[in-house]
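Remarks on the overall topology
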Amino acid sequence: MTEQFTSGAARYRAVFGNNELVALLAARLLSGIGDQLARVILALYVLDSSNGNALLTALVLAVSYIPSTFGFAFLGSLADRFPRRSVMLYSDLARAGLVCFLAIAVARDANAAAIVLLFVVETFGAPALSARSSLLPEAARSPVEYQAVVGLGNTFEQMVQVLGFILGGLALGVTSATWALLFNALTFLISFLIVLAFVEARPAVAAAGTSVQRILRDAKSGLRTIVKSTPLCGVVVALWGSAALLVVTDAAALPYAIDDGAPSWAATALLAATPAGAAVGSLLVARLPMQQQVRLVFPLAIASMLPLLATALEPPVGPAVILWFLNGMCQGYVVTLMALSMQLTPGNRRGRVFGVAGAGFNVMAIVGLLGTGAVADRATPAAAVVLAGAVGLTLMVIAAWTWPHREVRSAVRATFGRQPAAT
């Protein structure tokens, strides 16, 4: 292992010296900002038009997970059956065109057509993300560089949410949903050009084919790969369990701010607090050697529940932003689970395993969003957050007790070897 990988900072410098990894990160950042901006504008619009209905707002956010859930489960294997770069390119082009039609539908108040188009756009995002995630281990020059790029990628994902939440609040006052969607289409086109210019073309890792029978067989193969590997199964189940807890503040933030009488900019700041904290937490955690990251998974997961429990004091929006930022920082353990889930998967099955894992993650996120929204409507947003914290704390303690620690540590040693401590 060369000297450039001996510290967290050096690992990040190495990533930015790899043009292909930088291109994959930049492409995801651009397309993600456009997606998130459109979702937030719609959520804010629904919240305003429904007089603060928390369940409806949560439903808007949950809807974006539904088509990608099916896309992950049944289209994730396209990243194995076809060249992964091509999957990304065609997905970007398709989404750019579809979002232009979506902007036209919104401009003409064709709501039914807009909903159908939105579902299709979100579905195309699943194979693109599966292909990108499957390419990262191939583009990285070592397991440690891959570990670092996953950390940066997760930080960028959280930055996408932060920028989307903040820009969404501003855009609602100064522009229209149509222009926001056209901007979204532009981000897909720029992403297409970046991938075309900088990502290396590689052959498919499995035989081509898109029949329904083969797609279903690939989904079963992905699930079977997870179940048969004790360390991989432990990592994926932990990732699924975390999903419902990661979105709690998303569902409660806007109604919480409205109950506090906060202006719209403060409401979007509260909405951005958790992903902003997660961006910082991911960056810090990914600097550590993988063995140390694994040891921190459950301490951080348990600690992430404490700020949610502290919301029982119903603090004003300002202190709540700090609490929820701390909740996000502790969510940095998710980057460890994400890196392990791909690194512990055979290269020719990464697309289908990522698809199954992503589908399960989305299902749990939908449960978290709708569950929090429903409790917030029946009680208060603060009560919904506190209940989620209590349930999450209980589940994380049980998971820490039953997780296959020995098998995961053994798999980490086999994959990453002995790494020096971060500096």
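As the structure is a computational prediction, the values presented were derived from the model and not from experiment.

1. Here we look at the overall build of the protein
What the protein contains, in helices and strands, is 19 helices and zero strands. The 423 residues of the protein split such that 56% are buried. Taking all contacts inside the protein whose residues are at least 6 apart in sequence as the whole, residues at least 24 apart take part in 87%. Carbon and sulfur atoms provide 69% of the accessible area of the protein, an area that totals close to 17200 Å².

2. Quick look at unusual backbone geometry
Positive phi values are uncommon outside glycine, yet Glu 314 reaches one of about 50°. By secondary structure assignment, the location of Glu 314 is in the loop between helix H14 (290–310) and helix H15 (317–330).

3. Considerations on the pattern of salt bridges
For the structure on display, the rule yields seven salt bridges. In this structure, Glu 20 engages Arg 202 in a salt bridge whose closest nitrogen and oxygen atoms are separated by 2.7 Å. Of this pair, Glu 20 sits in helix H2 (residues 19–49) while Arg 202 is found in the loop between helix H9 (177–198) and helix H10 (212–228), placing the two residues 182 residues apart along the sequence. Comparing Glu 20 with Arg 202 shows no difference in burial state: the two are buried. Taken together, the shared-partner salt bridges connect Glu 20, Asp 80, Arg 84, Glu 138, Glu 200 and Arg 202 into one network.

4. Considerations on the side chain of Ser 221
Tracing the backbone shows Ser 221 in helix H10. When residues no more than four places from it in sequence are discounted, the contact partners of Ser 221 are Arg 349 and Arg 352.

5. Re the nonpolar core
Counting 80 residues, the largest nonpolar core has Trp 324 and Tyr 333 as the members making the most contacts within it. For this core, the leading source of residues is H14, giving eight residues. Other than its neighbours up to four places away in sequence, Trp 324 contacts Thr 249, Ala 252, Ala 253, Tyr 256, Leu 270, Ala 273, Thr 274, Thr 311 and Val 385. In this structure, Leu 98, Val 99, Leu 102 and Ala 114 belong to the second largest nonpolar core, which totals 12 residues.

6. Thoughts on the environment of Phe 198
Looking at the secondary structure, you find Phe 198 in helix H9. In this structure, Phe 198 is in contact with Asn 19, Glu 20 and Ala 23, ignoring residues within four places of it in sequence.

7. Some words on a nonpolar patch on the surface
On the surface, a nonpolar cluster with roughly 560 Å² of combined accessible area is contributed by Tyr 90, Leu 93, Phe 183, Leu 186, Leu 189 and Ile 190. Going through the elements one at a time, helix H6 (84–107) and H9 are the ones with two or more residues in the nonpolar patch. Examining the composition of the nonpolar patch, we find that four residues originate from one element, H9, more than from any other. Overall, Tyr 90 belongs to the exposed group, its relative accessible area being 62%.

8. What about the packing of helix H11 (residues 230–246) against helix H17 (residues 350–378)?
It is the contact of H11 with H17, at a shortest axis distance of 6 Å, that shows an interaxial angle of 30°. The orientation of H11 relative to H17 falls into the category roughly parallel. Of the two elements, H11 crosses H17, and the hand of that crossing is right-handed. Where H11 approaches H17, its residues Leu 232, Val 236, Leu 239, Trp 240, Ala 243, Ala 244 and Leu 246 are matched on the opposing element by Val 353, Val 356, Ala 357, Gly 360, Phe 361, Met 364, Ala 365 and Gly 368. Looking at the contact of H11 with H17 residue by residue, the classes come out as 13 nonpolar, two polar and no charged.

9. Section: the packing of H14 against helix H18 (residues 381–402)
At a closest axis distance of 8 Å, the pairing of H14 and H18 adopts a crossing angle of 165°. The angle between H14 and H18 falls in the class roughly antiparallel. Seen from above, H14 lies across H18 with left-handed handedness. Contact with H14, carried on its side by Phe 298, Ala 301, Ile 302, Met 305, Leu 308 and Leu 309, involves Val 385, Val 386, Ala 388, Gly 389, Ala 390, Gly 392, Leu 393, Met 396, Val 397, Ala 399 and Ala 400 of H18 and no other residues of that element. For the contact of H14 with H18, the class distribution of residues is 15 nonpolar, two polar and no charged.

10. Quick look at a positive patch on the surface
A surface patch of positive charge is lined by Lys 220, Arg 224, Lys 228 and Arg 349. Mapping Lys 220 onto the fold places it in helix H10.

About the cut-offs
Residues numbered from 1 in each chain as written. Predicted model: local features only at pLDDT ≥ 70, side-chain atom pairs only at ≥ 80, totals over all residues. Heavy atoms only, no water. Helix = DSSP H or I, 4+ residues; strand = E, 2+ residues; numbered from the N terminus. Buried < 20%, exposed > 50% of the residue type's maximum accessible area, 1.4 Å probe, protein only. Contact = heavy atoms within 4.5 Å. Areas by Shrake-Rupley, 256 points an atom, 1.4 Å probe, with all protein chains shown as cover. Salt bridge = Lys/Arg side-chain N within 4 Å of Asp/Glu carboxyl O. Core = buried A, V, L, I, M, F, W, Y, C linked by side-chain atoms within 4.5 Å. Patch = residues over 30% accessible without salt bridge, like charges linked within 9 Å, V, L, I, M, F, W, Y side chains within 5 Å. Axes fitted to C-alpha atoms, helices over the stretch in contact; angles between N-to-C directions. Parallel < 35°, antiparallel > 145°, perpendicular 65-115°, else oblique. Left-handed = near helix turned anticlockwise from the far one by under 90°. Nonpolar A, V, L, I, M, F, W, Y, C, P; charged D, E, K, R; others polar. Lys, Arg positive; Asp, Glu negative; His and termini not counted. Charge placed at Lys NZ, Arg CZ, Asp CG, Glu CD.

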